[in-house]
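Inside the fold
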Amino acid sequence: MMHEMMPMSDYLIRMRDGTIKQVNPFTGTEVWTVPGRGHRPLGNDVKPGAPLDPAKDGAYCAFCHGRVYETPPEKARLVQSVTGWETCKGLSAEQIVDSDWAFRRVPNLFEIVSCEYWQKNYRYVLPPALQARKNKYLASEKGRRHVLDVVNSRMKLGGANEDTIRKTPEEEKLAMANAFFGGGHELVIARRHFVDGATHNNQLASSGTMTPEEHYQYFRFTIEALRDIYLSNRYVRYVAVFQNWLQPAGASFDHLHKQLVAIDERGVSNDMEIRLVRSNPNVFNEEAVNFAAHRNLVFAENEHAIAFAGFGHRFPTLEVYSKSERSQPWNHSVEELRAMSDLVHGCHAAMGPNIPCNEEWHYKPPDADVPMPWRVLIKWRVSNPAGFEGGTLIYVNTIDPESLRDKVVPRLFELKNEGKIALMKIAFECDCVPNCLKYNPAVRLTHTREAEFQPLSGEARREP
Ligand SMILES: [Zn+2]
């Protein structure tokens, strides 16, 4: 294991010529940044956009609100009304065109792990509630037509010829539709393709162009879906949550969406991290947040979350950690969840909508016996690993952590002053109290409010 062989001071080293060498304490990934690269300013290399055609409004891609019949039947939608935000489930095919929605949760047409995988390998059957939902949806003519159309287009996109599609019995096609009701690969689609009032096709709506409230709802709604997937399939051991933004980051459409993929393992990186936490329960404090604070890489903080420029990543990476005692997103309190959302939103807003990126969520798998903090990594896909990396397993990252921090910080101050992001401490304002992640029970003791045991927290420092 990396951290047993290597002193922490070696995680981030600047050589005399300016080369920065980094090692990731969790994966062992070795990364170099060579001097003289990565000085381009953020988001200034925007191509001039083409004017938008008003006739295509709401129908730019299959995720747009005018094309809801091109996605499989939705699982849920989040609607903003005068009384607040409401999750609607069980809508019929006739109803799905009806209301204004802010986010929709739909099955992915091409699953990474298919419904058949669960059926054949685990004898998974649709739970009664989902079977009832399927029956009800198919009971209407429009619903049946919608499902068959989507199955047909899936077969076609999957390479089947017209003849095969026509000859496949309807009953067989309806059986394939189990994937739309019980499958474990879902999308959470945001309503806007372009920002409100956009005139050109380069004005895409990203996570960072939302308001902090919209972004919080996006997080909350995604977490509802996450929990739901665990509840509807007991063979699921982990649900990966991620967001690919723009084509170089693997997105099939430039229309904002998150993905949730259920798997029957905990995943290699979770297994590695569980081993690390067993040998050092405080590893996420010591080797991630404390280290980042010590090296001045923390760039934003609020009461329940902290963000820093990551080290030892193949791509420039912003990391946001939850300070909550609770390891899983669905157990976070409203305030804790909002704190996480605010910092992640701030990261996206600061980087702007033009940098392709992957947002990855990491959290404790439900069957893991050790606590781990929920954290969100935002990886900028600004370079492509090539032959050098393949031959050496040393990766060249064009932006080192300090430069990454320095790109983000001025934008955060601007956005904060413009009121476009939530209030947060930025750069030198951050408290950076050691062991601020409370997932580890051993460090919670320092948090006592008794006067004779003063914590090293911000509140204590402000007291006279
Ligand atoms: Zn679209």
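Residues numbered from 1 in each chain as written. Predicted model: local features only at pLDDT ≥ 70, side-chain atom pairs only at ≥ 80, totals over all residues. Heavy atoms only, no water.

1. Considering the pattern of salt bridges
Note the following rule: When a carboxyl oxygen of Asp or Glu is within 4 Å of a side-chain nitrogen of Lys or Arg, the pair counts as a salt bridge. A run of DSSP states H or I qualifies as a helix once it reaches four residues; a run of E qualifies as a strand once it reaches two. Both are numbered from the N-terminal end. Here the term buried applies to any residue with accessible area under 20% of the maximum for its type, exposed to any over 50%, and partly exposed to those in between, with areas from a 1.4 Å probe on protein chains only.
By the definition in use, this model includes 35 salt bridges. The closest approach of N and O atoms between Glu402 and Arg14, which form a salt bridge, is 3.2 Å. With a gap of 388 residues between them, Glu402 in helix α13 (residues 401-417) and Arg14 in strand β1 (residues 12-14) connect regions that are remote in the sequence. The partly exposed category is assigned to Glu402, whose relative accessible area is 31%. Salt bridges linked by common partners bring Lys75, Lys89, Arg105, Glu186 and Asp228 together as one network.

2. Brief notes about the coordination of the zinc ion
Think of it this way: four donors in a tetrahedron around the metal ideally sit 109.5 degrees apart, and six in an octahedron ideally sit 90 or 180 degrees apart. We apply this condition: Each metal site lists N, O and S donors within 2.8 Å (3.2 Å for Na, K and Ca). With water left out of the atoms, a site can look as if it is missing ligands. All geometry calls rest on donor angles, where a four-donor set with angles between 85 and 135 degrees is tetrahedral, four- and six-donor sets with opposite donors more than 155 degrees apart and all others between 65 and 115 are square planar and octahedral, and all else is irregular.
Bound to the zinc ion are the protein donor atoms Cys61 (SG), Cys64 (SG), His193 (ND1) and His255 (ND1), situated 2.1 to 2.4 Å from the metal. Here the zinc ion binds four donor atoms, and the angle range of 100 to 127° at the metal identifies the geometry as tetrahedral. When the donors of the zinc ion are listed by position in the chain, the intervening gaps give C-x2-C-x128-H-x61-H. By relative accessible area, Cys64 is classed as buried at 2%.

3. Some remarks on the sheet that holds β1
As a reminder, the rule being used: Only strands that DSSP links by at least two bridges are regarded as paired with each other. Each axis is a line fitted through C-alpha atoms, taken for helices only over the stretch in contact, and angles between the N-to-C directions span 0 to 180 degrees.
Read from one edge to the other, the open sheet built from four strands follows the order β1-β2-β3-β15, with strand pairing classed as mixed. Each edge of the open sheet carries a strand with a single partner, namely β1 and β15 (394-396). The average undirected angle you get between the axes of adjacent strands in this sheet is 20°. Note: strand β2 (residues 20-23) against strand β3 (residues 30-33), four bridges, orientation antiparallel.

4. Looking at the pairing of strand β12 (residues 317-322)
Of all six residues making up β12, six are buried, and the element is well covered by its neighbours. Burial of β12 is two-sided: the residues Thr317, Glu319 and Tyr321 facing one way and the residues Leu318, Val320 and Ser322 facing the other way are all buried. One ladder, built from five bridges, connects strand β11 (residues 305-309) with β12; its direction is antiparallel. Residue Phe308 lies in a different strand from β12, and its bridge partner there is Glu319.

5. Re the packing of helix α11 (residues 334-351) against α13
Convention followed: In these notes the angle categories are as follows: under 35 degrees is roughly parallel, over 145 is roughly antiparallel, 65 to 115 is roughly perpendicular, and the rest is oblique. It only takes one pair of heavy atoms within 4.5 Å for two residues to be counted as in contact. Note on residue categories: nonpolar means Ala, Val, Leu, Ile, Met, Phe, Trp, Tyr, Cys or Pro, charged means Asp, Glu, Lys or Arg, and polar means any other residue, Gly included.
Running from N to C, α11 and α13 cross one another at 105°; their axes reach a closest spacing of 9 Å. Compared by their axis directions, α11 and α13 come out roughly perpendicular. Contact with α11, carried on its side by Gly346, Ala349 and Ala350, involves Val408, Arg411, Leu412 and Leu415 of α13 and no other residues of that element. Classifying every residue of the contact of α11 with α13 gives five nonpolar, one polar and one charged.

6. Focus: the sheet that holds β11
Reading across from one edge, β5-β4-β6-β7-β9-β8-β13-β14-β12-β11-β10-β16 is the order of the 12 strands in this open sheet, with antiparallel pairing throughout. Each having just a single partner strand, β5 (84-88) and β16 (425-426) make up the two edges of the open sheet. Across four bridges, strand β8 (residues 238-245) lies against strand β13 (residues 357-362) in antiparallel orientation. Paired with Phe242 across the bridge in β13 is Glu360. Of the strands in this sheet, β10 (298-302), β11, β12 and β14 (375-380) touch helix α10 (residues 283-294), which is tilted by about 70° from β11. Strands in contact with α11 are β8, β10, β11, β12, β13 and β14; relative to β14, the strand with the most contacts, it is inclined by about 5°.

7. Thoughts on the packing of aromatic side chains
Note the cut-off: Each aromatic pair joins two rings of Phe, Tyr and Trp (for Trp, the six-membered one) with centres within 6.5 Å, and gets the label stacked for planes under 30 degrees apart, edge-to-face for over 60, and tilted for any other angle. Note on criteria: charge over ring means Lys NZ or Arg CZ within 6 Å of the ring centre, with the direction from the centre no more than 35 degrees off the ring normal.
Evaluation of the coordinates by the stated rule reveals 21 aromatic pairs. Taken together, a centroid distance of 4.9 Å and an interplanar angle of 5° make the contact between Phe103 and Tyr218 stacked. Here Phe103, found in strand β6 (residues 103-107), pairs with Tyr218, found in helix α8 (residues 212-232); they are 115 residues apart in sequence, far enough to count as distant. Residue Phe103 shares its accessibility class with Tyr218, and that shared class is buried. Ring pairing ties together the aromatic residues Phe26, Phe284, Phe308, Tyr321 and Tyr439, which thus form one cluster. In this structure, Arg191 is placed above the aromatic ring of Trp101, and the distance from its NZ or CZ to the ring centre is 5.4 Å. Positioned above the aromatic ring of Tyr216 is the side chain of Arg338, whose terminal nitrogen or guanidinium carbon lies 3.9 Å from the ring centre.

8. Considering the environment of Val34
Along the chain, Val34 turns up in the loop between β3 and β4 (76-81). On the basis of relative accessibility, which here comes to 29%, the residue Val34 falls in the partly exposed class. Distance in space between the C-alpha atoms of Val34 and Val82 is 54 Å, their sequence separation being 48 residues.

9. Focus on the environment of Ala129
Within the fold, Ala129 resides in helix α3 (residues 128-139). Owing to a relative accessible area of 58%, Ala129 belongs among the exposed residues under this scheme. Considered as a pair, Ala129 and Val79 are 50 residues apart in the sequence and their alpha carbons are 23 Å apart.

Any functional reading would require information that these geometric values do not contain.
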